[in-house]
Amino acid sequence: MISKDVLRGLFLFEKLDDEKLEWLASHGEEREFDAGVTIIRQGDPSECFLVLIEGEVVMSTETPAGVVTMTPTSQPGVYAGATSAYLGDRAPATYFHSLRATKPSRLFALPAKKYGLMIGQWFPMAVHLLDGVRLGGLAQREIIDRRQRLTALGTITAGLTHELNNPAAAAVRAVGELRDKTRSSRRRLAELTELGISAERLRALIDMQESCAEKATKVPPRSPLEISDAEDELGDALEEAGVDEGWELAPPLVAAGFGPGGLEKVRNAVGNEHLSSAMHWLAEATEISQMLDEVTDATERISSLLASAKQYSQMDRAPYQTVDVRELLESTLTMFRGKIPPGISVATDYDPELPPIPAYAGELNQVWTNLIHNALDAMEGTGTLTVRTRLEHDTTALIEICDTGPGVPEELRERIFEPFFTTKAVGEGTGLGLDISFRIVAGRHGGDLRVESVPGDTRFQVRLPLAELLVP
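Cut-off values and rules
Residues numbered from 1 in each chain as written. Predicted model: local features only at pLDDT ≥ 70, side-chain atom pairs only at ≥ 80, totals over all residues. Heavy atoms only, no water. Buried < 20%, exposed > 50% of the residue type's maximum accessible area, 1.4 Å probe, protein only. Helix = DSSP H or I, 4+ residues; strand = E, 2+ residues; numbered from the N terminus. Pairing = 2+ DSSP bridges. Patch = residues over 30% accessible without salt bridge, like charges linked within 9 Å, V, L, I, M, F, W, Y side chains within 5 Å. Areas by Shrake-Rupley, 256 points an atom, 1.4 Å probe, with all protein chains shown as cover. Salt bridge = Lys/Arg side-chain N within 4 Å of Asp/Glu carboxyl O. Lys, Arg positive; Asp, Glu negative; His and termini not counted. Charge placed at Lys NZ, Arg CZ, Asp CG, Glu CD. Core = buried A, V, L, I, M, F, W, Y, C linked by side-chain atoms within 4.5 Å. Contact = heavy atoms within 4.5 Å. Axes fitted to C-alpha atoms, helices over the stretch in contact; angles between N-to-C directions.

## A few points about the pairing of strand E7 (residues 320-323)
A one-sided burial pattern is seen for E7, the buried positions being Gln321 and Val323 and the unburied ones Tyr320 and Thr322. The sheet contact formed by E7 and strand E9 (residues 357-360) spans 4 bridges and is antiparallel. The residue bridging Thr322 from the neighbouring strand is Pro358, located in E9.

Written out as C-alpha cells, the structure reads:
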C-alpha cells in the first residue's frame, strides 16, 4: 500500500487530513512504468484516475485533423485519466486522451468509481461548481472559437474584396472606353476611304500602328516632367502640321514612344492631304491597344488574387503535404494587402536555401494570419512589417514575423500564449489567436513558437522541423 507521506508530498493531496489520506492509500495503488510505455490509451474504458509521483509523462489527443501532443512534464502531482468521473452516469465512458511515460515513472492509480465517490462526498459543492464551469467553459470556448474564425475570415475577405475591386474597376472602365474608341476608329477609317486614300497607303498606316503598339512595351521609363515636355513637343508639331486638336492626340502617342520624327514618317506614308485623319486614327488605334493591355493586366491581377486565395485556403489539397513556406507567406500577405495601412511598409527576406517542409498548410496560414494581424495592430498605422525565413542547423525552418511597434513588456511575454489572455482593449481581442497558433505550431507540427521583443523590434519566431513529424 502506498504511504500517506508520499501522497501528502503531492500538491493535489497536501491539504487533506490523515483520515482522507488513509482512505486514498487503502483504495488506490502505486504503479511503475518503463520509458516508452503507454499508460492509458485514448478510447479505452475510463477506469482509473492517475497522479504522477515521479518520472516524466506526455499526453496526446487524437483529433479528426491529427494527433495533438502536449509538452512532456515531470511535475509531481499532475494528473490524467478519468478526471470527470465525479459526473457519475454523465461521465465519459472512455479516456479522452493517451498518456505515455517518456522516462521511468511512478504513478498513483485510483479506480474511477472510487475517485468519483471521493469527490462527491468530500467536496459536494465543488462538484456543482466544476460541472457548471465545465459546461460554461465548453459553450464559451465554442462561441469564441467561432467568433475568432469569423473575425479572421472577415479581415481576409475585406482585404481580398478591396484588392479585387481595383483591377475589376479598371477593366470595366477600360472596356467602357474601348466601345467609344472602337466606334470612332471605324469612322476614321471610313473617312480616310471617302477621302480616296489608296490601299497601299492604308496598309502602310496600319503597319505603322502595329509597329507603334510593339514599341510601346519597350519605351524606357520617364519622369512626369519628361513626359509632359514630350507631349508639349509633339502637340506643337501636330498643330504646325495642320492636325486639328493635336494636343488631345499627343498623350496616347507619347505613351507609345511616338515623337515628331514619327509624324514625318506618317506624312510620307499617307500624304499631306490625309495626315490629319491618319493621325486621329493612329492615336485612337494606339489608345485601343493600350486599353486592351489594361484589361489584360487587370484580368491577370484578378487571376493572381484568386490563385493566392486558393493557395491561402488550400482548396483541393490534402491536409498534410510538402509545402513551400514562401508561397504560404506570400498568399497570406496578398490576402492582407488591402488591410495594411498606407503608413506601414512590408519587407520580405526569404532564404533561397530553405527547402519545402511537411506541414498542414491551411493551419500554418492561420498562424501567419494571426501573427501578421497582431503585428499590424501593434504598430498602429506606422512602421515596418518584416517577414523573414531562415534555415537553422540544416534541420529547422525559422519563420519570423517582425514589427516595429512598442514591444511586449517582459512581464507579459510568458502569458501571451495563454488562452483568453490579451493586451487589447475590451471587445478588440479574444485572447485566443496566439493560443491557437501555439497549438498548431507545437501540437500539430512538433515545432516551437516564441517571442523576442524590445521597443521597436518585436519578433514572433516560428520553428518547424524539416523532417516529417512522427506521431507518438
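Next, the rest of the story.
## Section: a negative patch on the surface
A cluster of acidic side chains, namely Glu226, Asp229, Asp232, Glu233, Asp236, Glu239, Glu240, Asp244, Glu245 and Glu248, defines a negative patch on the protein surface. Per-element accounting of the negative patch gives the leading share, 7 residues, to helix H6 (residues 224-240). Among the structural elements, Asp244 can be located in the loop between H6 and helix H7 (246-255). The exposure class of Asp244 is partly exposed, given its relative accessible area of 42%.

## Quick word on the nonpolar core
Trp368, Leu385, Ile399, Ile401 and Val462 are the most contacted members of the largest nonpolar core, which totals 38 residues. Of the residues forming this core, the biggest block, 9 residues, is contributed by helix H11 (residues 361-379). Apart from residues lying up to four places away in sequence, Leu385 is in contact with Leu333, Ile344, Ser345, Val346, Ala347, Ile372, Ala375, Leu376, Met379, Ile401 and Cys402. Of all hydrophobic cores here, the second largest spans 27 residues; its members include Ala237, Ala278, Met279 and Ala283.

## Details of the sheet that holds strand E10 (residues 383-392)
Pairing is mixed across the open sheet formed by 5 strands, whose spatial order is E8-E10-E11-E13-E12. Strands with a single pairing partner mark the edges of an open sheet, and in this sheet they are strand E8 (344-349) and strand E12 (448-454). Adjacent strand axes in the sheet meet at a mean angle of 15° when their direction is disregarded. Two elements, E8 and E10, share 6 bridges in a ladder whose sense is parallel. Note that in E10 the partner of Thr348 across the bridge is Val387. Packed on one face of the sheet, helix H10 (residues 325-336) meets E8, E10 and strand E11 (396-403) and runs near 165° to E10.

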